[in-house]
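For reference, the chains in residue letters:
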Amino acid sequence: MNGIRPIKAKSGTNLEGAIAHNKRVIIEALRLNGPLSRADLARATRLTKQTISNLMEVLEQDGLVTSGETVRKGRGQPSTPFRLVAEGAFAIGVQIDRHLVRVVAVDLIGTMLVKEQAALPEGGPQRGAGLILDLIARVRASLSAIAPRSEARLAGLGVAMPGPFGIEPVDDDPWMMGAWQAYPLLETLAMGTGLDVALQNDAAACATAERMVGAAHGLDHAVCIYLGYGIGAGLILGGELYTGAHGNAGEIGMVLLQRSGVRAPLEHSASLASLYTHLGLDAGSLDVNQSVVDRLGKNDPLLETWIAEAANDLRWAVHMAETLFDPQGIILSGVAPIELARRLAAEIDPLLDSNTVGVNRHSPRLALGMFDPWAVALGAAIEPIGRAFEPRFAAILKD
């Protein structure tokens, strides 16, 4: 028998990996809490004061943190607060949806600085990829104009689009983007931009945005249910986004529910696509969501029927997510009109009992998060920032 027997094991780390991890821990602490002194950081991270001082010096030299004015309190030693430098890093995010593409640029703390959008042209990814590269170039040029050092501090390019990934694409399936799934998108964008590129589904991207600047900020365990053209969920477990073996974790829209003896996926009854079909609206129309809001204000009976059925199915989805993942909270977010999201949340209540009932809670079982057309693109842009600066287990492993 030739070759070496494969042995399964986690990769070890080295001194460089440990130092890199500790720097990420400091950056995360400043992101979550705002300005902190060396003593605050040592107490919170359990690192020695000398280690903190050494790392803060390196982070200052790297342009990632800066010190504020010295604070004197009583008779104790004066302290110097440190904060993150927003201009210390930048990233680009791309959202590809069935009808349009959005591109944004963010800084280290997740602030959107530049954004561009356009309708996807006919002809699939062969033409669409060129448009995306043009939009990225425009965003980078605008970013350079307001932050001249941004090109040297780009952490990467994040891409978000509907999943699931890695399955046999079906071109005529309206729920999937079969041609885009089969296209070498990441390679094309990496070659065209010179940036490291990573892909996640739109629900995971929305959860990434919620974790950095939204309703999941400070939560280590949360399930973010994404209400868009389809339905998905971003799983924040142990402080990290869990993606699964093939990047398809959280595809709750594909979960089969049974109603009146018929099995159908959740997203066939509780997604925006199902709503547009139910109301006979054109999903590609720029004012389709305004049409929904107008009908909502008139108590349209057809819309009310959809809300009742969708809320019932989403109530079961919340129950399932709570039971499976024991989160600190469920967050409902996405690109639906906020008026519709509020109505759905009201109809979902009261929630079904689950294992989370009766525990010592510091956050609501179900909360509304971002309902912003740019939330997915924002999350896509934040992902490279997280990949470069968040304390992740994979980041300390040797290559």
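This text goes with the structure placed above it.
Residues numbered from 1 in each chain as written. Predicted model: local features only at pLDDT ≥ 70, side-chain atom pairs only at ≥ 80, totals over all residues. Heavy atoms only, no water.

### Let's talk about the pattern of salt bridges
The cut-off we apply is this: When a carboxyl oxygen of Asp or Glu lies within 4 Å of a side-chain nitrogen of Lys or Arg, that pair is called a salt bridge. Runs of E in the DSSP output that reach at least two residues are strands. Runs of H or I that reach at least four are helices, and both are numbered from the N terminus. Throughout this description, buried means an accessible area under 20% of the type-specific maximum (1.4 Å probe, protein chains only), exposed means over 50%, and partly exposed covers the range between.
Within this structure, the stated rule accounts for 14 salt bridges. Note that R43 and D40 form a salt bridge whose closest N and O atoms lie 2.6 Å from each other. Here R43 pairs with D40, and both are found in helix α2 (residues 38-45), just three residues apart, close to one helical turn. The closest approach of N and O atoms between E116 and R138, which form a salt bridge, is 2.8 Å. Here E116, found in strand β5 (residues 112-119), pairs with R138, found in helix α4 (residues 125-146); they are 22 residues apart in sequence, far enough to count as distant. On the accessibility criterion, R138 (43% relative accessible area) is partly exposed. Beyond isolated ion pairs, a larger network of salt bridges with shared partners links E28, R31, R211, E383, R387, E390 and R392.

### Topic: the sheet that holds β5
As a reminder of what qualifies: The criterion for strand pairing is that DSSP finds at least two bridges linking the strands in question. Interaxial angle, 0 to 180 degrees, is taken between N-to-C directions of lines fitted to C-alpha atoms, where a helix line uses only the stretch in contact. Two residues form a contact once any of their heavy atoms are found within 4.5 Å.
Strands sit in the order β5-β4-β3-β6-β7 across an open sheet of five strands; the sheet is mixed. Since the sheet does not close on itself, it has two edges, and those belong to β5 and β7 (197-201), each with one partner. The sheet shows a mean angle of 20° between the axes of neighbouring strands, direction not considered. Where strand β3 (residues 90-96) lies against strand β6 (residues 154-161), five bridges are found, and the strand directions are parallel. Residue pairing in the sheet places F90 in a bridge with L154 of β6. The sheet strands contacting α4 are β3, β4 (100-107), β5 and β6, and the helix crosses β5 at an angle near 155°. Against the sheet, helix α13 (residues 375-389) touches β3, β4, β5, β6 and β7, its axis set at about 140° to β3.

### Some points on the nonpolar core
Rule in force here: Nonpolar cores are built from buried Ala, Val, Leu, Ile, Met, Phe, Trp, Tyr and Cys residues. Side-chain atoms within 4.5 Å join them into one set.
Grouped together as the largest cluster of nonpolar side chains are 76 residues, with contacts concentrated most on L340 and L344. Grouped together as the second largest cluster of nonpolar side chains are 29 residues, I96, V101, I136 and V139 included.

### Quick look at the packing of aromatic side chains
Cut-off, in case you're wondering: Here a pair means two rings of Phe, Tyr or Trp (six-membered ring of Trp) with centres within 6.5 Å. Their orientation is stacked below 30 degrees between planes, edge-to-face above 60, and tilted elsewhere. Counting as a charge over the ring demands two things of the Lys NZ or Arg CZ atom: a distance within 6 Å of the ring centre and an angle within 35 degrees of the ring normal.
Following the criterion strictly, the structure yields zero aromatic pairs and no others. One residue, R102, lies across the ring of W374, its end atom 5.5 Å from the ring centre.

### What about the side chain of D97?
The condition that has to hold: Polar contact criterion, stated in full: a pair of N or O atoms within 3.5 Å, where within protein one must be able to donate a hydrogen and the other to accept it, and residues adjacent in sequence count only if both atoms are side-chain atoms.
Residue position: D97 is located in the loop between β3 and β4. In this structure the side chain of D97 is engaged in a polar contact, spanning 3.4 Å, whose partner is the side chain of R98. In contact with D97, other than residues within four places in its own chain, are L120, P162 and M177.

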